[in-house]
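# Architecture at a glance
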Amino acid sequence: MSPSRVVSRRPARPASLAGALPFLLVALLASGLIPTLTPAPAGAQEPVPPRMVADEMERSRMCVPVLARLEALNSELEPLALRVNRIGRLYEAVALEDSMRVVPFDEASEDDRRVRDWFRADAELAERYLETEDEAVLEERRTRRGELEDELEEAFAAASDQADAILGRDPALPGLAAQCDGAILVRPAVMERCPEGDGSRICAEARSGEAGEQYRFVDAAEDLWDVEQLRPWTSPSGIGPRPDGLLGGGQTSTLLRRGNVQLALALEPLIRVRDEIPAEEAAEYDRNLEEMGFQFDDPRFVMSPALLVELDMDQPLADETIYLLHFGDLSAPAEQVFWTAQADQERPIRDTFPVGEGVLVRLMSGEEVTLTAVRIDEEAEDLQGQPLYQLGLTNVGQAEAVTALVAYMAQGLLAQDLQSLFPPEEGTPEE
């Protein structure tokens with residue numbers, strides 16, 4: 001396994017790795033755009049973001065025909081999916097010469113009958129070889145098995161091509177379905193698009209007025225803002241290879257879902273191959289670890305603690321221009337904000353950036369993290385930012401999980417795991 005294939009190589013932010021403010025916030029503060037933030041009155045209830053209501057009504061209307069098309073497509077594809085899965089199991093049984101993996105055979109299936117007949121004929125050939133020890137019999141067995149495997153591969157490819165052709169009839173559907181998959185829908189908006197007698201599952205569950213088995217509903221779009229799910233910080237584990245060839249583990253994360261908006265925050269090591277980045281950038285990584293007292297003694301890589309932020313929403317919920325991820329109440333943005341993103345960019349937002357000791361200490365102490373959407377009026381004389389809404393992450397399990405992961409990175413355990421996963425080649429210089 002090649003280290004350059006396994007190690008994450010996300011680009012680092014150009015800001016200092018030693019805990020400086022994100023570069024967008026630095027620019028905003030330098031230009032005077034966020035000298036202060038105007039907070040909501042004490043005790044005031046946060047209003048529902050105005051765009052969310054219209055957007056969610058439109059989403060629900062759009063999702064009715066999309067989900068109905070998806071239901072019909074899944075019904076059409078299900079037999080093919082079952083056949084592809086069965087062919088795979090039959091192929092495995094033939095390769096291992098173990099019919100018990102696929103019995104009983106389906107007499108109505110041509111694939112099953114073909115494999116059943118091969119097992120019977122192969123058993124006869126095996127008995128003949130035991131009697132004669134004729135090498136020609138062994139060659140015949142190998143030939144017949146190869147021919148059957150070729151036939152199964154052709155059947156697999158034909159079924160897959162048939163499924164692809166069905167999917168190709170509606171190329172826009174996957175993109176539309178992504179906006180509906182798992183979404184909480186507004187029941188009245190769904191009912192608007194459900195004609196009388198429509199037999200789709202989405203319409204049937206909406207008409208029932210009860211919690212559906214497959215779809216979830218609210219009775220008004222405003223109610224979505226009150227639907228909140230929180231996941232505590234996860235327990236970190238050591239790093240290890242994932243099936244896709246990248247590193248897994250070594251991470252702790254938390255997640256908030258509010259309505260159909262999802263915010264995730266994760267702490268993880270950002271590991272890069274030293275020879276693949278500029279020397280001055282590698283030196284910055286090294287200085288950052290030295291200043292924090294981290295032990296990382298593998299000269300092949302550079303490493304920094306990093307945060308991964310994922311904000312999944314279709315478009316801004318209000319008139320926000322930037323998002324701030326911060327500790328505290330935003331009474332002192334320069335000390336509290338540690339990440340910013342512009343609101344007018346592609347969705348979903350995903351960003352990984354190195355963090356320094358200041359952020360790590362506050363996370364380890366269990367300080368809650370909040371995302372605030374802010375509108376900045378650049379034409380106003382005072383250039384104040386107006387908070388519009390907030391998404392608050394839980395701190396349940398945060399202190400314990402973050403402290404454990406920081407210790408794993410700081411005490412040399414991460415470097416040891418890297419050495420085990422990727423032993424240095426002979427001649428690799430030691431530090």
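Read on for a plain summary of the structure. Treat the numbers as computed from the prediction; the structure is a model and nothing was measured. (Residues numbered from 1 in each chain as written. Predicted model: local features only at pLDDT ≥ 70, side-chain atom pairs only at ≥ 80, totals over all residues. Heavy atoms only, no water.)

For the protein chain, the helix and strand inventory stands at 13 helices and 13 strands. Here the protein chain holds 431 residues, and the buried ones make up 42% of them. If you take every contact in the protein chain between residues at least 6 apart in sequence, the share linking residues at least 24 apart comes to 71%. (Helix = DSSP H or I, 4+ residues; strand = E, 2+ residues; numbered from the N terminus. Buried < 20%, exposed > 50% of the residue type's maximum accessible area, 1.4 Å probe, protein only. Contact = heavy atoms within 4.5 Å.)

Another point: the state of the cysteines. If you walk through the whole model with that rule in mind, you get two disulfides. Each disulfide pairs two cysteine sulfurs, and for Cys63 the partner residue is Cys180, the sulfurs being separated by 2.1 Å. Residues Cys63 and Cys180 share a disulfide whose torsion about the S-S bond is about -95°; that sign makes it left-handed. Of the two residues, Cys63 is situated in helix α3 (residues 50-96) and Cys180 in helix α6 (residues 173-180); the sequence distance between them amounts to 117 residues. Each of the two residues, Cys63 as well as Cys180, counts as buried. Across the disulfide from Cys194 sits Cys203; the S-S distance is 2.0 Å. Taking the sign of the S-S torsion, about -90° here, the bridge from Cys194 to Cys203 comes out left-handed. Both residues of the pair, Cys194 and Cys203, count as buried. Disulfide connectivity for the protein chain, with bonded cysteines indexed by sequence position, reads 1-2, 3-4. (Disulfide = S-S within 2.5 Å.)

A few words on the nonpolar core. In summary, soluble globular proteins display a tendency toward joint burial of nonpolar side chains. Counting 62 residues, the largest nonpolar core has Phe294, Leu307, Leu311, Tyr323, Phe338, Trp339 and Tyr389 as the members making the most contacts within it. Element by element, the count of residues in this core is highest for helix α12 (residues 398-410), at seven residues. Counting residues in hydrophobic clusters, the runner-up holds 23 residues, among them Ala163, Cys180, Ile202 and Cys203. (Core = buried A, V, L, I, M, F, W, Y, C linked by side-chain atoms within 4.5 Å.)

So, about the sheet that holds strand β9 (residues 322-327). Spatial strand order, β10-β9-β12-β13: four strands in an open sheet with antiparallel pairing. At either margin of the open sheet sits one strand with a lone partner, and together these are β10 (337-342) and β13 (385-392). Taking the axes of each pair of neighbouring strands and ignoring which way they run, one obtains an average angle of 25° across the sheet. In this structure, β9 lies alongside strand β12 (residues 369-376), joined through six bridges in antiparallel fashion. By the bridge assignment for β12, Tyr323 is matched with Ala373. (Pairing = 2+ DSSP bridges. Axes fitted to C-alpha atoms, helices over the stretch in contact; angles between N-to-C directions.)

Mapped onto the elements of the fold, Glu268 is located in strand β7 (residues 261-273). Here the side chain of Glu268 touches Gln251 through a polar contact of 2.8 Å, side chain to side chain. (Polar contact = N/O pair within 3.5 Å; in protein donor to acceptor, adjacent residues only side chain to side chain.)

Looking at where Leu224 falls in the secondary structure, it is placed in the loop between β2 (216-218) and β3 (228-231). Leu224 sits 34 residues away from Arg258 along the chain, and the two C-alpha atoms are 7.2 Å apart. In this structure Leu224 touches Met52, Glu56, Ile184, Val186, Val218, Arg258, Gly259 and Asn260, once residues within four positions along its chain are discounted.

Moving on, we come to the packing of aromatic side chains. Within a pair of aromatic rings, the relevant descriptors are the distance that separates the centres and the angle that separates the planes. Scanning the model with the defined rule gives five aromatic pairs in all. When the centroid spacing of 6.4 Å and the interplanar angle of 45° are considered together, the rings of Phe105 and Phe119 count as tilted. On the criterion of sequence distance, the pair formed by Phe105 in the loop between α3 and α4 (110-132) and Phe119 in helix α4 is long-range, its members being 14 residues apart. In this structure, Phe105 and Phe119 share a single accessibility class: buried. Grouped by ring-pair contacts, the aromatic residues Phe105, Trp118 and Phe119 constitute a single cluster. The ring of Trp225 is capped by Arg258, whose NZ or CZ atom sits 4.0 Å from the centre of that ring. (Phe/Tyr/Trp six-rings, centres within 6.5 Å; stacked < 30°, edge-to-face > 60°. Lys NZ or Arg CZ within 6 Å of the ring centre and 35° of its normal.)

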